[in-house]
Amino acid sequence: MSEVTLKHVCKRYGKTEVVKDVNLNVRDQEFIVLVGPSGCGKSTTLRMIAGLEEISGGDLLIGGTRMNEVEPKDRDIAMVFQNYALYPHMNVYENMAFGLKMRKFTKDDIDKRVKEAAAILDLDKLLDRKPKALSGGQRQRVALGRAIVREPQVFLMDEPLSNLDAKLRVQMRAEISKLQKRLKVTTVYVTHDQTEAMTMGERIVVMHDGMIQQVATPEEVYRMPVNIFVAGFIGSPAMNFIQGTLEDKGNSVLFQAYGAEWVLNTAQEKKVREHSYVGKEIVFGIRPENIEYGGRDAQNTFQATVEVVEYTGSEAYLHCSGFGEKMLTIRSSNIKVQRGALATLVIDIDKAHLFDVQSEKNILLFE
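What counts, and where the lines are drawn
- Residues numbered from 1 in each chain as written.
- Predicted model: local features only at pLDDT ≥ 70, side-chain atom pairs only at ≥ 80, totals over all residues.
- Heavy atoms only, no water.
- Helix = DSSP H or I, 4+ residues; strand = E, 2+ residues; numbered from the N terminus.
- Buried < 20%, exposed > 50% of the residue type's maximum accessible area, 1.4 Å probe, protein only.
- Contact = heavy atoms within 4.5 Å.
- Areas by Shrake-Rupley, 256 points an atom, 1.4 Å probe, with all protein chains shown as cover.
- Lys, Arg positive; Asp, Glu negative; His and termini not counted.
- Charge placed at Lys NZ, Arg CZ, Asp CG, Glu CD.
- Core = buried A, V, L, I, M, F, W, Y, C linked by side-chain atoms within 4.5 Å.
- Pairing = 2+ DSSP bridges.
- Salt bridge = Lys/Arg side-chain N within 4 Å of Asp/Glu carboxyl O.
- Disulfide = S-S within 2.5 Å.
- Axes fitted to C-alpha atoms, helices over the stretch in contact; angles between N-to-C directions.
- Parallel < 35°, antiparallel > 145°, perpendicular 65-115°, else oblique.
- Left-handed = near helix turned anticlockwise from the far one by under 90°.
- Nonpolar A, V, L, I, M, F, W, Y, C, P; charged D, E, K, R; others polar.
- Expected span 1.5 Å × (residues − 1).
- Phe/Tyr/Trp six-rings, centres within 6.5 Å; stacked < 30°, edge-to-face > 60°.

A. Geometry of the overall build of the protein chain. When helices and strands are tallied, the protein chain shows nine helices and 20 strands. On the principal axes, the C-alpha backbone points of the protein chain span a range of 80 × 45 × 35 Å. Here the protein chain, with 367 residues, has 50% of them falling under the buried criterion. In the protein chain, the share of contacts with a sequence separation of at least 24, taken over all contacts with a separation of at least 6, comes to 66%. Approximately 17,800 Å² of the protein chain is accessible, and the part contributed by carbon and sulfur atoms is 47%. Between the centroid of the 48 positive side chains of the protein chain and the centroid of its 49 negative side chains there is a distance of 6 Å.

B. Fine view of the nonpolar core. Counting 46 residues, the largest nonpolar core has M96, I176, Y189 and V206 as its most contacted members. When residues in this core are grouped by element, the largest group, five residues, is from helix α4 (residues 136-148). With residues up to four places along the chain from it excluded, the contact list for Y189 reads F31, I32, V33, L34, M157, P160, L161, I176, E196 and M200. Within the second largest apolar cluster, 32 residues are counted, among which are I286, V309, I330 and I347.

C. Up close: the pairing of strand β17 (residues 316-323). Most of β17 is tucked away, with seven of its eight residues classed as buried. Note: strand β16 (residues 301-311) against β17, six bridges, orientation antiparallel. Pairing of Y311 across the sheet is with A316, part of β17. Where β16 folds back on β17, the antiparallel hairpin that results is connected by four residues, among which G313 adopts a positive phi of roughly 115°. One ladder, built from six bridges, connects β17 with strand β18 (residues 326-332); its direction is antiparallel. When the sheet's bridge partners are listed, F323 is paired in β18 with K326. With antiparallel pairing between neighbouring strands as the criterion, β17 and β18 make up a hairpin whose turn holds two residues, including G324 at a positive phi of roughly 70°.

D. Structural view of the environment of V272. By the element assignment, V272 lies in helix α9 (residues 266-274). On the basis of relative accessibility, which here comes to 0%, the residue V272 falls in the buried class. Each C-alpha atom, one on V272 and one on L364, is 7.8 Å from the other, the two residues being 92 residues apart in sequence. Ignoring any residue separated from it by four or fewer positions in sequence, one finds V272 in contact with L246, V253, L264, Y277, V278, L354 and I363.

E. Representation of the pattern of salt bridges within the structure. Counted according to the given criterion, the structure contains 20 salt bridges. Of the charged contacts in the structure, one is a salt bridge between K73 and D74, with a shortest N-O distance of 3.3 Å. The exposure class of K73 is exposed, given its relative accessible area of 58%. Classification of D74 as partly exposed rests on a relative accessible area of 45%.

F. Up close: the state of the cysteines. Throughout the structure, instances matching the rule amount to zero disulfides. Between C10, a free cysteine, and C40, which holds the nearest cysteine sulfur, the sulfur-to-sulfur gap is 16 Å. Owing to a relative accessible area of 8%, C10 belongs among the buried residues under this scheme.

G. Just the sheet that holds strand β10 (residues 211-216), in detail. Spatial ordering of the open sheet is given by β6-β7-β8-β3-β9-β10, a layout of six strands whose pairing is mixed. With partners counted over all chains shown, the strands left at the sheet margins are β6 (77-80) and β10, one partner each. Ignoring strand direction, the axes of neighbouring strands in this sheet form an average angle of 20°. Note that β6 and strand β7 (residues 154-158) share four bridges and pair parallel. Paired with I77 across the two strands is V154, which belongs to β7. Contacts from α4 reach β6 and β7 within the one sheet, and its direction differs from that of β6 by about 175°.

H. Fine view of the packing of helix α2 (residues 92-102) against helix α3 (residues 107-120). Here α2 crosses α3 at 135°, and the two axes come no closer than 10 Å. Between α2 and α3, the interaxial angle falls into the category oblique. The crossing of α2 and α3 is right-handed. Listed contacts from α3 to Y93, M96, A97, L100 and K101 of α2 are I110, D111, R113, V114, A117 and A118. Of the residues in the contact of α2 with α3, the class split is eight nonpolar, no polar and three charged.

I. Up close: α3. With 14 residues, α3 should reach 20 Å at 1.5 Å per residue; the first-to-last C-alpha distance of 20 Å fits that figure. Trailing α3 by a residue or two, D122 shows a phi angle of about 60°, which is positive.

J. Examining the environment of L61 more closely. Mapped onto the elements of the fold, L61 is located in strand β4 (residues 57-62). Given the relative accessible area of 17%, L61 is considered buried. Along the backbone, L61 and K7 are 54 residues apart, and their C-alpha atoms lie at a distance of 8.3 Å. L61 has contacts with E3, V4, T5, K7 and R66, leaving out every residue within four places of it along the chain.

K. Seen up close, the packing of aromatic side chains. Evaluation of the coordinates by the stated rule reveals 12 aromatic pairs. Ring geometry for F31 versus Y189: centroids 5.8 Å apart, planes at 35°, classification tilted. Highlighted residues: F31 in strand β3 (residues 31-35) and Y189 in strand β8 (residues 186-191), separated in sequence by 158 residues. The same class applies to F31 and to Y189, which are both buried. Summarising the aromatic geometry, the rings of F255 and F284 are spaced 4.8 Å apart at their centres and angled 25° between planes, so their arrangement reads as stacked. With F255 in strand β12 (residues 253-257) and F284 in strand β14 (residues 281-286), this pair connects stretches of sequence that are 29 residues apart. With respect to burial, F255 and F284 carry one shared label: buried. Connected via pairs of aromatic rings, a cluster forms that spans F255, Y258, W262, F284, F302 and F323.

Note that every value here comes from positions in space, so none of it alone points to a role or purpose.
The following block contains the structure:
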């Protein structure tokens, strides 16, 4: 078993705590992704697992064994870095074999492992080339190959695709996911790109300000974000947030803001009544794809002026005014919308989220 467990792990530089009380269990053979903005502590957490950063507090276990004081070379992990970290004077074969030579593997074993990894990564015909003669994608595959030949308990990957162009990143995302499933090695992957996280991870760990905000499957994080940060970070374009008031209309509860009135559904109404939010201010969250352009539902219809239209080919992003200083973003399949148009829009109330103004937690997830 090659579980990775962090128990109350923290990292301090002097008086500054950059990773705060992280508790996480990465299951055997799982592909888990740490995601968050720059400076959130995700790479520092990965480096503590690797042994490249000293743990200030808490415990790290790999395969059930405490690793806090174990040297990186003895942790049975392999790490893939953002900048590939290939030796420029060595060819592909020598780069992939170097770590095994340092560990005194036999020549035959090294040859077998390198050629097997090269076949998996389609590097068979490139083994004699130096890194300068390779494309970015090929260099990244060599870096992956160097990790594969180790046959470690755990793969650690620190933003390995960030130096690649957009098209190649998509291709490499699929290749890494397929590779991990084939090798069945526990993998911890770090990225700031939420699309990478959503498409690659069996579970994703959303981090902010050194703390874990939510750990769940990509679908759960998208559909049931625990707070405003997660709701705004996951999803592209980002979720719209509108501050307003919940009003009791006898047999229903309305959210009111900037002249618009939207009727909550039965489950939402029950939750806000249970937790005494009626008559109070809340933050209403709705994703761009859950607002329909030109809809017919009179109950949750409102009008807004289209200020900016961004065409993406099959659809358009409409940025509309009418909610104070904030622009409301709508994803629409109607690509004929003109700037300056007065748009009739309908909220899909069943997809809305309601957040506490102070704690920023999702009210609909309260027990």
